[in-house]
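Now for the letters of each chain:
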Amino acid sequence: MKVSWLLLPCFFLFAWGETRYYDFIVSSTPYTRLCSTKKILTVNGQFPGPTIYANKGDIVVVETYNRAQYNITLHWHGVKQPRNPWSDGPEYITQCPIPPGGSFKYTIILSNEEGTVWWHAHSDWSRATVHGAIVVHPQLGTIYPFTKPDREVPIILGEWWKEDINEVLALGLITGADFNVSDAFTINGQPGDRYPCSKQGTFRLLVEHGKSYLLRIVNAALNDEFFLAIANHKLTVVGTDGAYTKPLQAQYIMITPGQTMDVLLEANQPPNLYYMAARAFSDGVGVPFDNTTATAIVEYSNYTLPHSTAPSPIYPQLPYYNNTLAAFNFTQRLRSLASGDHPIEVPLKVDTHLVYSVSVNTFPCPQNSCGGPNGSRFAASINNISFETPQIDILDAYYAGIRGVFRKNFPSFPPYIFNFTADSFPMVLEIPKPGTKVKVLKYGECVELVFQGTNLVAGEDHPLHLHGFSFYVVGSGFGNYDPVKDPLEYNLVDPPSKNTVSVPRNGWVALRFIADNPGVWFMHCHLERHLSWGMDAVFIVRDGESPDERLLPPPPNMPRC
Ligand code: C2O
Ligand code: CU
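Residues numbered from 1 in each chain as written. Chains lettered and ligands numbered in written order. Predicted model: local features only at pLDDT ≥ 70, side-chain atom pairs only at ≥ 80, totals over all residues. Heavy atoms only, no water.

Engineer: Help me get a handle on the overall build of the chain, residues and values and all.
Structural biologist: Within the chain one finds four helices and 32 strands. The C-alpha atoms of the chain give 23 Å as radius of gyration, which agrees with the globular expectation for 561 residues (24 Å, within 12%). Viewed in the frame of its principal axes, the chain has a C-alpha envelope of about 70 × 60 × 55 Å. Sequence-distant contacts in the chain: of pairs separated by 6 or more residues, those separated by 24 or more amount to 80%. Of the accessible surface of the chain, which amounts to about 21900 Å², a share of 53% is contributed by carbon and sulfur atoms. Computed over 41 positive and 50 negative side-chain charges, the separation of the two mean positions in the chain equals 0 Å. (Helix = DSSP H or I, 4+ residues; strand = E, 2+ residues; numbered from the N terminus. Rg over C-alpha atoms; globule rule 2.2 N^0.38 Å. Contact = heavy atoms within 4.5 Å. Areas by Shrake-Rupley, 256 points an atom, 1.4 Å probe, with all protein chains shown as cover. Lys, Arg positive; Asp, Glu negative; His and termini not counted. Charge placed at Lys NZ, Arg CZ, Asp CG, Glu CD.)

Engineer: Describe in detail the state of the cysteines, supporting the description with residues and values.
Structural biologist: Evaluation of the coordinates by the stated rule reveals three disulfides. Here Cys 35 engages in a disulfide with Cys 197; their sulfurs sit 2.0 Å apart. What sets the handedness of the Cys 35 and Cys 197 disulfide is the S-S torsion sign, and at about 100 degrees it is right-handed. Of the two residues, Cys 35 sits in the loop between β1 (19-33) and β2 (36-43) while Cys 197 sits in the loop between β10 (184-187) and β11 (204-207), which places them 162 residues apart along the sequence. Given the relative accessible area of 44%, Cys 35 is considered partly exposed. The side chain of Cys 365 participates in a disulfide bridge whose partner is Cys 370; the two sulfur atoms lie 1.9 Å from each other. Judged by the sign of its S-S torsion, about -95 degrees, the cystine formed by Cys 365 and Cys 370 is left-handed. Taken as a pair, Cys 365 and Cys 370 share a single burial class, namely buried. (Disulfide = S-S within 2.5 Å. Buried < 20%, exposed > 50% of the residue type's maximum accessible area, 1.4 Å probe, protein only.)

Engineer: Could you give an account of the coordination of the copper ion (ligand 2), naming the residues involved and the relevant values?
Structural biologist: At the metal site, the copper ion (ligand 2) is ligated by His 462 (ND1), Cys 525 (SG) and His 530 (ND1), and these contacts range over 2.0 to 2.2 Å. Between consecutive donors of the copper ion (ligand 2), the numbers of intervening residues give the motif H-x62-C-x4-H. In this pair, His 462 is assigned in strand β26 (residues 462-466) and Cys 525 in strand β31 (residues 519-525), connecting sequence segments 63 residues apart. Comparing His 462 with Cys 525, the two get one shared label, buried. (Donors = N, O, S within 2.8 Å, 3.2 Å for Na, K, Ca; no water.)

Engineer: Just give me the short version of the domain arrangement of the chain, but keep the residues and values in it.
Structural biologist: Accessible area lost during the coming together of the parts is what is often quoted as the interface size. Under the domain assignment, the chain is made up of domain 1 (5-137), domain 2 (151-332) and domain 3 (352-549). Across the contact, 28 residues belong to domain 1 and 40 residues belong to domain 2. Carbon and sulfur atoms supply 65% of the area that domain 1 and domain 2 bury against each other, a total of about 2900 Å² over both sides. It is Leu 34, Thr 116 and Trp 125 that lose the most area in domain 1 upon contact with domain 2, and together they represent 29% of the buried surface on that side. Where domain 1 meets domain 2, there are 18 residue pairs in polar contact (both at pLDDT 80 or more). Of all elements in the fold, only β1, β2, β7 (115-121) and β8 (131-137) reach the threshold of two or more residues within the side of domain 1 that touches domain 2. (Domains from an automatic or database assignment. Buried area = accessible area lost by both parts, 1.4 Å probe. Polar contact = N/O pair within 3.5 Å; in protein donor to acceptor, adjacent residues only side chain to side chain.)

Engineer: Describe unusual backbone geometry, naming the residues involved and giving the relevant values.
Structural biologist: The phi torsion of most residues other than glycine is negative, and most of the peptide bonds are trans. Cis peptide bonds are those with omega within 30 degrees of zero, and the linkage from Phe 47 to Pro 48 qualifies with -5 degrees. Tracing the backbone shows Pro 48 in the loop between β2 and β3 (52-55). Although it is not a glycine, Leu 34 adopts a positive phi angle of roughly 50 degrees. As for its placement among the helices and strands, Leu 34 is situated in the loop between β1 and β2. One non-glycine residue, Arg 83, lies in the positive phi region at around 65 degrees. Within the secondary structure layout, Arg 83 lies in the loop between β5 (74-77) and β6 (103-109).

Engineer: Just give me the short version of the sheet that holds strand β29 (residues 500-503), but keep the residues and values in it.
Structural biologist: As summarised here, the arrangement of the five strands in space is β24-β32-β31-β26-β29, forming an open sheet in which the pairing is mixed. Single-partner strands in this sheet number two, and they are β24 (438-441) and β29. Along the sheet, successive strands turn relative to each other by an average axial angle of 20 degrees, direction set aside. (Pairing = 2+ DSSP bridges. Axes fitted to C-alpha atoms, helices over the stretch in contact; angles between N-to-C directions.)

Engineer: Any chance you could break down the nonpolar core for me, citing the residues and the numbers?
Structural biologist: The biggest cluster of nonpolar side chains holds 57 residues, and the ones touching the most others in it are Ile 155, Leu 157, Leu 215, Ile 217, Ile 253 and Phe 330. A per-element tally of this core places strand β18 (residues 273-281) first, with eight residues. Counting contributing residues, this core receives three or more from each of domain 1 (5-137) and domain 2 (151-332). Counting residues in hydrophobic clusters, the runner-up holds 41 residues, among them Phe 378, Val 447, Phe 513 and Phe 539. (Core = buried A, V, L, I, M, F, W, Y, C linked by side-chain atoms within 4.5 Å.)

Engineer: Residue-level account of the pairing of strand β19 (residues 293-300), with values.
Structural biologist: Taken across its eight residues, β19 has seven buried, putting it largely inside the fold. With four bridges connecting them, β11 and β19 associate as parallel partners. Note on β19: the bridge partner recorded for Leu 205 is Val 298. Here seven bridges tie β18 to β19, and the two strands are oriented antiparallel to one another. Counterpart to Arg 279 in the pairing with β19 is Thr 293.

Engineer: Provide a residue-level description of the packing of aromatic side chains, including the pertinent values.
Structural biologist: Counted according to the given criterion, the structure contains 31 aromatic pairs. Ring centres of Trp 76 and Tyr 106 lie 5.3 Å apart, and the angle between their planes is 65 degrees; this geometry places the pair in the edge-to-face category. Linking Trp 76 in strand β5 with Tyr 106 in strand β6, this pair joins segments that are 30 residues apart in sequence. One exposure class covers both Trp 76 and Tyr 106, and it is buried. A centroid spacing of 5.7 Å and a plane angle of 85 degrees characterise the contact between Phe 418 and Phe 425, whose relative ring orientation is edge-to-face. Grouping aromatic residues by their ring pairs yields a cluster made of Tyr 356, Phe 410, Phe 451, Phe 469, Phe 513, Trp 521 and Phe 539. Across from the ring centre of Trp 160, 5.9 Å away, lies the NZ or CZ of Arg 33, which sits over that ring. Geometry around Trp 160 places Lys 38 over its ring, the cationic atom sitting 4.7 Å from the centre. (Phe/Tyr/Trp six-rings, centres within 6.5 Å; stacked < 30°, edge-to-face > 60°. Lys NZ or Arg CZ within 6 Å of the ring centre and 35° of its normal.)

Engineer: Explain helix α1 (residues 165-175) to me, using residue names and the numbers behind them.
Structural biologist: Within the sequence span of α1, burial applies to Ile 165, Asn 166, Val 168, Leu 169 and Gly 172. Projected down its long axis, α1 carries its buried residues within an arc of 160 degrees, all on one side. Its buried side turned inward, α1 meets α4 (528-533). For α1, the N-terminal cap is Asp 164; the gap from its side-chain oxygen to the backbone nitrogen of Asn 166 is 2.8 Å. (Arc of directions from axis to C-beta.)

Right, here's the structure in full:
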């Protein structure tokens, strides 16, 4: 086994960068898509929301004003926020929501993130329209580990519902049935010309032959993983989740909600119009999904319209929507850059082993009166615990020692061991236990966490996201994780550094991280339907010994519950 570059500690406890200020005004704004107009929640009236620009190590202060009629919180997805969970954002986990008319100053502490991370609402399903990119440039005086692109363009993938998103959420929760799927996908807020009334706004990326473009791709969708490709152009992935990768050439990418990918596009094809297309990767048998395709147009600058016929862009090939292997094969090829300038530090000695099974479940309903399978209500769980959101946020309860909000007995292993990936199960295994339980970690311990997908109700790919950390994805495979054989195949040399990992359908993923960030940190499936059903867990990382290993004090004016 080759040992990777060992350098740099995870977090710098002093800030060397600048402080940048943004004002975010949340309000309801009318938007027209798919031939009709509705009000959506936006930041500064924009959909997608404004891009935040910073350099590595900066601090970004976002004054957030809630001028909408809903509670709101904001989360800075992929920002580790060393010692500062107070500004992390998940509603009832690390803060009480900002009420209508209220405001809150978020302090976003960047440390080793470099590349693209993003921000989104973390209350109800508001993040459907309340989201945007965070571009983290190299520190002044340092450069990209690749040839500087001629231009950089955020590409934000999302969904559009004709209904009000709160009604989609409420209906699913009332009936217990699955949530209505979206009516369109969007690229930078636009569905593209395959949808009715959408030709006009289609996002166009104007390129010049011979130049290169850095696409900062964010999957901000609630419930859909995407395959994305550009006709006749290779994509070169150079970063993901705010960390550099070895350049990876691909015909298509697969990106889950929560993930970001920095992709170089060389405009090296004959001047023409080319489609960029994104459609769902959805591999759960019988699981409903939006089976439409969003498009944008890559348009070469010196392309001249043929006068005889209407121009029609060249269309790319995308894997079939349920092609589990196409998704897995792409994801498997990602590697950390792990160079002298961008070293990584993969923990080789594990202190705490955790195995978390992730399942879709059902709760029985009286007289089988609910809208889920056989009259049940959909649920989801981690280690058979279906997370119940508390009334007071867990961070406040932990900090102030308020009892009765959560319990510290989250199981380290699945409570029942069975063939997780079997074709059928006894009914009773489908039913989880509701609860608000956390796993407490010691400061500085090395955690190996294995996610085990199960085939309960319907096996499918799950994008699991951890707040407060990046982790190394050291192994992954199909079937049941084997604690003896599988670790022999781990990549401890250049595993990708991620904050959101795809757990393959009926498969597993192993990751490692050092618990060196004291605080309360949410972990959940980044498919919003699964998050709402309870596929969530919480880590509390205790303070270390020295003052710079302790939780920062709460800022003034935290919203109250
Ligand atoms: Cu994008 Cu709780 O996260
Ligand atoms: Cu999931």
